[in-house]
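Each chain, letter by letter, is given below.
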Amino acid sequence: MIKTVLIRCIFFLSIGILVLACQENQKPRIPMPVTNLSDISLIPKPTKTIATNSAFALDQFTAIYTSKSATGFDKVGKFLAEKLKAKINLDIPVNQETTNTIDRVIYINQSDSIVLETPEAYQLYINQDSIILNANTAEGAFRGIQTLRQLVPDVSTDTLAEQKIWPVPSGKIIDSPNFGYRGAMLDVARHFFSVEDVKKYIDLLSYYKINMLHLHLSDDQGWRIEIKSWPKLTEIGGSTEVGGESGGFYTQEDYKEIVRYAQERYMTVIPEIDMPGHTNSASASYPFLNGNGKTPELYEGMRVGFSTFDTRKDTVYSFIDDVVREISEMTPGPYFHMGGDESHVTKKNDYIYFVNRVEKIVQKHGKRMIGWDEIANADIDSNAIAQWWASEENAKKAVEKNMKVIVSPAKKAYLDMQYDTLTKLGLHWAGYIPVDTAYQWTPEEYGIPMENILGTEAPLWSETITNIEELEYLAFPRVIGYSELAWSIPENRNWEDYKVRLGDQAPFLERMNVNYYPSKLIDWKKSKFTYETIE
Ligand code: NAG
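Residues numbered from 1 in each chain as written. Predicted model: local features only at pLDDT ≥ 70, side-chain atom pairs only at ≥ 80, totals over all residues. Heavy atoms only, no water.

Around the ligand there are 13 residues in total, and R190, E342, Y414, D416 and E463 lie nearest to it. In the environment of the ligand, an oxygen atom lies 2.6 Å from a nitrogen or oxygen atom belonging to the side chain of E342. Contacts to the ligand include Y414, whose side-chain N or O atom sits 2.5 Å from an oxygen atom. Here the ligand has 370 Å² of accessible area as a free molecule, and 96% of this is covered by the chains. The class makeup of the residues in the shell around the ligand is seven nonpolar, one polar and five charged. (Near = heavy atom within 4 Å. Polar contact = N/O pair within 3.5 Å; in protein donor to acceptor, adjacent residues only side chain to side chain. Areas by Shrake-Rupley, 256 points an atom, 1.4 Å probe, with all protein chains shown as cover. Nonpolar A, V, L, I, M, F, W, Y, C, P; charged D, E, K, R; others polar.)

Taken as a whole and assessed by the stated rule, the structure comprises 31 salt bridges. Close ionic contact of R143 with E139 constitutes a salt bridge, the shortest N to O distance being 3.6 Å. Taken together, the positions of R143 and E139, both in helix α3 (residues 138-151) and four residues apart, correspond to about one turn of that helix. Given the relative accessible area of 23%, E139 is considered partly exposed. Across the salt bridge formed by E257 and R260, the nearest N and O atoms sit 2.8 Å from each other. You can see E257 and its partner R260 sitting in helix α7 (residues 252-264), three residues apart, about one turn around the helix. On the basis of relative accessibility, which here comes to 25%, the residue E257 falls in the partly exposed class. Taken together, the salt bridges that share partners define one network made up of E196, K199, D203, E257, R260, E264 and R265. (Salt bridge = Lys/Arg side-chain N within 4 Å of Asp/Glu carboxyl O. Helix = DSSP H or I, 4+ residues; strand = E, 2+ residues; numbered from the N terminus. Buried < 20%, exposed > 50% of the residue type's maximum accessible area, 1.4 Å probe, protein only.)

Looking at where T423 falls in the secondary structure, it is placed in the loop between α12 (410-413) and α13 (435-439). Here the side chain of T423 touches Y419 through a polar contact of 3.2 Å, landing on its backbone nitrogen. Those residues in contact with T423 that sit more than four places away from it in its chain are Q418 and Y473. (Contact = heavy atoms within 4.5 Å.)

Moving on to the sheet that holds strand β16 (residues 385-388). Whether parallel or antiparallel, the strands of a sheet pair through hydrogen bonds between backbone atoms. The strand order around the closed barrel formed by eight strands is β9-β10-β13-β14-β15-β16-β17-β18, and the pairing between neighbours is parallel. Geometrically, the sheet is characterised by an average inter-axis angle of 30° between neighbouring strands, direction not taken into account. Bridge analysis of strand β9 (residues 181-187) against strand β18 (residues 453-460) gives six bridges, and the strand direction is parallel. Within the sheet, the bridge partner assigned to Y181 lies in β18 and is G455. The strands that α7 touches are β10 (212-216) and β13 (268-275); relative to β13, the one it contacts most, it runs at about 140°. (Pairing = 2+ DSSP bridges. Axes fitted to C-alpha atoms, helices over the stretch in contact; angles between N-to-C directions.)

Here the focus is the environment of H365. You can see H365 is positioned in the loop between α10 (348-364) and β15 (368-372). Owing to a relative accessible area of 19%, H365 belongs among the buried residues under this scheme. A C-alpha to C-alpha distance of 6.6 Å links H365 and S328, two positions 37 residues apart in sequence. If we skip the residues at most four places from it in the chain, H365 touches D321, V324, R325 and S328.

Given below as structure tokens:
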């Protein structure tokens with residue numbers, strides 16, 4: 001005990017001397033207290049954290065060094081420098097060669113260690129003079145720097161103007177994800193969201209280590225992606241949305257920009273074209289697609305399950321081939337989502353025939369097919385993936401076919417469900433989902449064998465949300481909890497502990513200008529960081 005106190009005293013004294021030496025003409029300030037590494041509110045919770053009794057002083061003498069020969073590490077280093085600049089206004093140089101003139105160094109190292117075999121694993125060693133981030137891949141390094149970002153506190157602008165030295169508590173963090181697929185879905189069909197909106201969402205999601213962005217690009221109410229061989233899809237099908245507003249769509253350049261932006265954050269974009277149901281906007285653009293042979297009106301309401309493609313016409317499959325080809329060519333990720341939900345007016349046999357045939361098209365264009373859980377009823381290849389949202393029976397069928405399953409139970413993981421009866425935005429057909437309910441479940445609890453679970457995903461349907469503020473209100477804070485359900489091991493997930501860490505996200509969310517739902521279940525903190533002036 002005495003020894004610990006002594007070590008702490010020596011540490012604060014030395015920081016004090018350092019501050020005095022660096023800021024001769026300014027009123028010296030010293031950061032107090034230095035939080036223990038294990039007490040910093042990290043989300044998702046890392047696999048293992050071991051705290052020691054010291055700290056690394058992040059200041060104007062700090063530099064970042066990245067492994068020279070490893071691809072992508074320099075970019076990850078620059079990304080970290082950019083984020084720290086925005087957060088604490090320090091200009092931290094990023095280099096690939098070490099020199100002796102630098103006092104304190106953040107090394108971002110490529111390492112082939114066995115414990116880092118999962119691409120996203122990383123280790124963070126924080127010592128007094130150096131921070132060493134080890135990862136096997138740039139992707140792992142990128143996940144690691146999200147943790148490092150969270151170790152530096154968000155403070156008010158006043159504090160920022162005064163503060164010159166930022167202690168990062170010492171110790172080590174060993175971390176890797178529980179699931180490799182940690183997704184969020186955004187429905188841009190019921191209401192359209194601009195490229196800028198999507199980028200903001202990507203930024204926030206990647207901070208919490210979510211790595212899959214599923215874009216629901218078509219539905220009855222709108223077609224949102226330019227297809228050069230079928231231009232009316234966006235000319236006509238993109239011209240409206242729920243409520244009758246003018247809708248919108250992504251040009252192919254826009255879509256590529258979203259993909260690029262996500263890729264820079266090691267996030268995979270998964271495009272979804274929902275079919276054979278949910279296709280009114282496509283049939284309104286090209287009536288030959290329609291199952292009943294009529295030209296439908298554009299649809300602005302909120303009903304589901306009334307439209308279908310004609311699944312027995314070859315020209316429909318030529319159309320789908322073009323759509324899947326054009327989108328796949330712009331999509332570096334391995335997946336293509338074909339929807340497949342709620343095809344209530346498609347005959348059962350026609351539905352099965354359709355899913356089987358579309359899977360061949362998706363495979364031909366080099367992608368692995370995902371579909372909502374209904375697709376498990378087709379004679380599908382075990383390589384296809386079922387996204388379980390509603391039917392436990394379908395989830396079971398998928399497991400019997402040895403398919404992988406993405407766990408998205410509407411009752412727990414649907415971001416468009418209202419928090420409670422007082423919340424104006426959202427729906428409640430699957431129930432009300434307050435912040436604790438959203439967190440207190442496990443993807444492992446539904447009897448789907450662990451080896452079949454690809455991961456989890458939190459869908460945000462947009463019937464009731466019309467802009468980014470409303471999007472943020474339904475997504476935050478619940479999506480933060482979903483990131484932990486997917487990343488952290490079950491032993492590390494606990495509501496009482498999580499809710500404190502969630503409360504500590506407020507300064508970050510506020511700095512990012514996120515319109516989060518201020519749930520009363522959470523004690524939302526202002527910045528925990530306080531300072532004492534040395535007289
Ligand atoms: C479901 C529909 C979806 C709708 C959502 C609203 C799925 C797979 N399908 O009925 O089109 O937007 O509920 O919560 O969720």
